[in-house]
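# Close look at the chain arrangement
Residue-level listing of the chains:
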Amino acid sequence: IDPLGRCPAMVAPGGAVGFLAALLAVAVPWAETEAVVRAEEVADLMLSEGSMSEQNFASLFLQTMPEDYVQPHPYLDETSIRLSNSLVGAVLSLKLRFIPKITLNGTDEIYVSLPRFTRGNARGQPGPSGALLQFSRTTRFLATWNEGSFDHSAMPFAQTNLTLQVRPGESMPAGDPVEVEIYEEEGIRAHCGFPADWEEIRIGTNASGTLGDNGQVMLGRVEQTGFVGSGCSWLLDCSGHGVCDHCKQRCECFEGYGGSLAGGAAPPPMDAAPDCTSRTCPVAPAVRSMPSTASIAHAQLLECGGNGKCDRASGECVCALGWQGEACQRRRCPNDCSGHGRCLAMEELAATPEALPLSGSNGSMYGSLDRRATKAWDFDKAFACVCDSSWEVGLGSGQVQGPEYFGPDCSLRRCPGGDDPRTPGVDETDCSNKSADGFRGRGQPGNLCHVDCSQRGICNHGTGTCACFEGYYGHNCGLVSAMAKQQDGDGDGGDGTASP
């Protein structure tokens, strides 16, 4: 027996070394780094005992199997493992049964991967590796237990395995059923639960003609296995919307059903039911969040963007007042622009020449593409109205510096306008070289200002109609009555012409 409690024949090429390499590198792919470290430790031990050359070890032990088999083994038929009880942490017996499709000769080995099994105390303390003595068919087999390491964050005792070596001089013909039971006296127990017919329990052999193309042992799923623990029965078996973690007895819910949000990028909902009956809602960057760096803010993702509440029954966001979108990620325009405007996002507003404040450009970009995750983060979240107008809005010739409908929600309407008839020589509608509201641009020659009611009346911005002062009339109060002209005293109506 070597320092690992193994017979010398078990470390021969194609023997248990090949099996252990397969277990470490393939059966536990998520622990690949640990597997290599573990393999190197065992290699040093074997090399120090002179069991095999360093060259053979490198070629046989550290190779990676090309495929992780989850189908039944091609050379071992009707494989099954029955357990004497299904209690977590209780000592149990294992009864292995299979029918070889090839003859098993002396020193041939059967390997069984048994993750989550241990000879320890079922509280994380590993048990001993080495020869097993309390099992049936001892005259035909030598049995060795290889205890895995404990890692509760991944798979507890993931590398645990059992090796059955056919004794020298023995032979087991193809087609003859083989049954071996490991008794309770060996102290084997399940550290945590697993389902029936669990695909991680696997079996293989190094018998002649069964190795893979690269000379490695192939592992196939044990077709029938017992179960341990109650799984997620207390959680309605995850309601059909998740996968049960039998070891931790909790549900890993599917996306949209109480599980992680955005692949774990957003914090999980605190009020979601653990049985995966609760729906989750779409996520969006939080508007109200602290910056993470001097140039990055609003990077945190929240359910409904933090601007609404998730309806757990439907998985739809109920947005707070002023917010909209499937994840409440967009600001609503006030009163939806009252039916007299277009609700546009910041990036659209920047590219719309008639959007206020007028700048005189034919459209620009709101933040460069590489800054939209930082300084221009609200490019598609903040919205505002571009109000309708019966005249062309802009800073060019013939355009007017302001739309017909105005206000944050476009609910107000300007009245008909014109030049003040009482100011001869001055054209109040001339906005050439005058700064538009917001001081982002100036009117070009021929640009117009809008003067409600020609300054000769009061505009009702609710209806867009003028109430003209006494002596003035017309839709824009631009006409002067004879009485008003007489009141001027010079009889010229204020414009230098004689009254009729």
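Here's a quick rundown of the structure. Since the structure is predicted, the reported quantities are computational estimates derived from the model, not experimental observations.

We now examine the overall build of the chain. The number of helices and strands found in the chain is 5 helices and 30 strands. Among the 500 residues that make up the chain, the fraction classed as buried is 45%. Summed over its atoms, the accessible surface of the chain is roughly 24200 Å², and 51% of this surface lies on carbon and sulfur atoms.

Scanning the entire structure with this criterion turns up 14 disulfides. Covalent S-S linkage joins C337 and C385, the inter-sulfur distance amounting to 2.1 Å. In this structure, the disulfide formed by C337 and C385 twists by about -100° around the S-S bond and is classed as left-handed. Of this pair, C337 sits in the loop between β22 (330-331) and β23 (341-345) while C385 sits in strand β24 (residues 383-387); the two residues are 48 residues apart in sequence, bridging distant segments of the chain. Of the two residues examined, C337 and C385, each falls in the buried class. Note on cysteine connectivity: C453 is disulfide-linked to C466, with sulfurs 2.0 Å apart. An S-S torsion of about -100° defines the bridge between C453 and C466 as left-handed. Note that C453 is positioned in the loop between β26 (412-413) and β27 (457-460) and C466 in strand β28 (residues 465-468), a separation of 13 residues in sequence. According to the relative accessible area criterion, C453 is buried, its value standing at 0%.

Along the chain, L356 connects to P357 via a cis peptide bond; the corresponding omega equals 0°. Mapping P357 onto the fold places it in the loop between α4 (346-350) and β24. The phi torsion at Q455 lies on the positive side, around 60°, for a residue other than glycine. By secondary structure assignment, the location of Q455 is in the loop between β26 and β27. Residue C477 is not a glycine yet carries a positive backbone phi of 60°. Of note, C477 is situated in the loop between β29 (472-473) and β30 (479-480). A relative accessible area of 0% means that C477 is categorised as buried.

Mapped onto the secondary structure, S113 falls in strand β4 (residues 109-113). By relative accessible area, S113 is classed as buried at 1%. Distance in space between the C-alpha atoms of S113 and G220 is 9.7 Å, their sequence separation being 107 residues.

With that settled, the discussion passes to the pattern of salt bridges. Summed over all chains, the structure comprises 13 salt bridges. Where D380 meets K381, a salt bridge forms, and the shortest distance between an N and an O atom there is 2.9 Å. For D380, a relative accessible area of 30% puts it in the partly exposed group. In the salt-bridge network here, residues are joined through shared partners; they are D271, E303 and R312.

Attention shifts here to the sheet that holds strand β14 (residues 224-225). The mixed open sheet is built from 4 strands, whose spatial order is β10-β2-β1-β14. Each edge of the open sheet is held by one strand with a lone partner, namely β10 (178-182) and β14. Both strand β1 (residues 76-83) and strand β2 (residues 94-100) contribute to a ladder of 6 bridges, which runs antiparallel. What sits directly across from D77, in β2, is I99.

Structurally, T225 can be placed in strand β14. In terms of polar contacts, T225 uses its side chain to reach the backbone amide nitrogen of W198, at 3.2 Å. Not counting residues within four places of it along the chain, the set of residues in contact with T225 comprises I81, P195, A196, D197, W198 and I201.

For the rest of this paragraph, the subject is the nonpolar core. Membership of the largest hydrophobic core comes to 36 residues, with the highest contact counts inside it found for I81, L114, F117 and L162. Elements supplying a minimum of two residues to this core: β1, β2, β4, β7 (141-146), β8 (161-166) and β10. In terms of nonpolar packing, the next biggest core, distinct from the first, is built from 8 residues, C333, C337, F383 and Y405 among them.

Mapped onto the elements, D275 comes out in the loop between β16 (250-253) and β17 (283-285). Nearest to the buried, unbridged D275 among oppositely charged side chains is R312, at 11 Å. Only 2.6 Å separates the side chain of D275 from the side chain of T277, close enough to count as a polar contact. Here D275 is in contact with L235, L236, C238, S239 and C251, once residues within four sequence places are set aside.

This next bit is on the packing of aromatic side chains. Tallied over the entire structure, the rule returns 3 aromatic pairs. Here the aromatic rings of F117 and F194 are separated by 5.5 Å at their centres, their planes lie at 55°, and the arrangement is tilted. Of this pair, F117 sits in strand β5 (residues 117-118) while F194 is found in the loop between β11 (189-190) and β12 (202-205), placing the two residues 77 residues apart along the sequence. Its relative accessible area of 1% is what places F117 among the buried residues. A residue is classified by how much of its surface remains accessible, and F194, at 1% relative accessible area, is buried. Here the aromatic rings of F194 and W198 are separated by 5.3 Å at their centres, their planes lie at 15°, and the arrangement is stacked. What makes W198 buried here is its relative accessible area of 10%. One aromatic cluster is present, built from ring pairs that chain together F117, F194 and W198. We note R279 situated over the ring of Y257; from NZ or CZ to the ring centre the distance is 4.5 Å. Over the ring of F406 we find R414, and its NZ or CZ is 4.4 Å from the ring centre.

A separate point is the sheet that holds β7. The 6 strands lie next to each other as β6-β7-β8-β4-β12-β13, forming an open sheet whose pairing is antiparallel. What marks the edges here is a single partner per strand, and that holds for β6 (130-132) and β13 (220-221).

For the rest of this paragraph, the subject is the pairing of β24. The element β24 is largely enclosed, with a buried count of 4 among its 5 residues. For β23 and β24, the ladder comprises 5 bridges, and the chain directions are antiparallel. Opposite L344, over in β24, you have A384 as the bridge partner.

Criteria and thresholds
- Residues numbered from 1 in each chain as written.
- Predicted model: local features only at pLDDT ≥ 70, side-chain atom pairs only at ≥ 80, totals over all residues.
- Heavy atoms only, no water.
- Helix = DSSP H or I, 4+ residues; strand = E, 2+ residues; numbered from the N terminus.
- Buried < 20%, exposed > 50% of the residue type's maximum accessible area, 1.4 Å probe, protein only.
- Areas by Shrake-Rupley, 256 points an atom, 1.4 Å probe, with all protein chains shown as cover.
- Disulfide = S-S within 2.5 Å.
- Salt bridge = Lys/Arg side-chain N within 4 Å of Asp/Glu carboxyl O.
- Pairing = 2+ DSSP bridges.
- Polar contact = N/O pair within 3.5 Å; in protein donor to acceptor, adjacent residues only side chain to side chain.
- Contact = heavy atoms within 4.5 Å.
- Core = buried A, V, L, I, M, F, W, Y, C linked by side-chain atoms within 4.5 Å.
- Lys, Arg positive; Asp, Glu negative; His and termini not counted.
- Phe/Tyr/Trp six-rings, centres within 6.5 Å; stacked < 30°, edge-to-face > 60°.
- Lys NZ or Arg CZ within 6 Å of the ring centre and 35° of its normal.

Geometry only, nothing functional implied.
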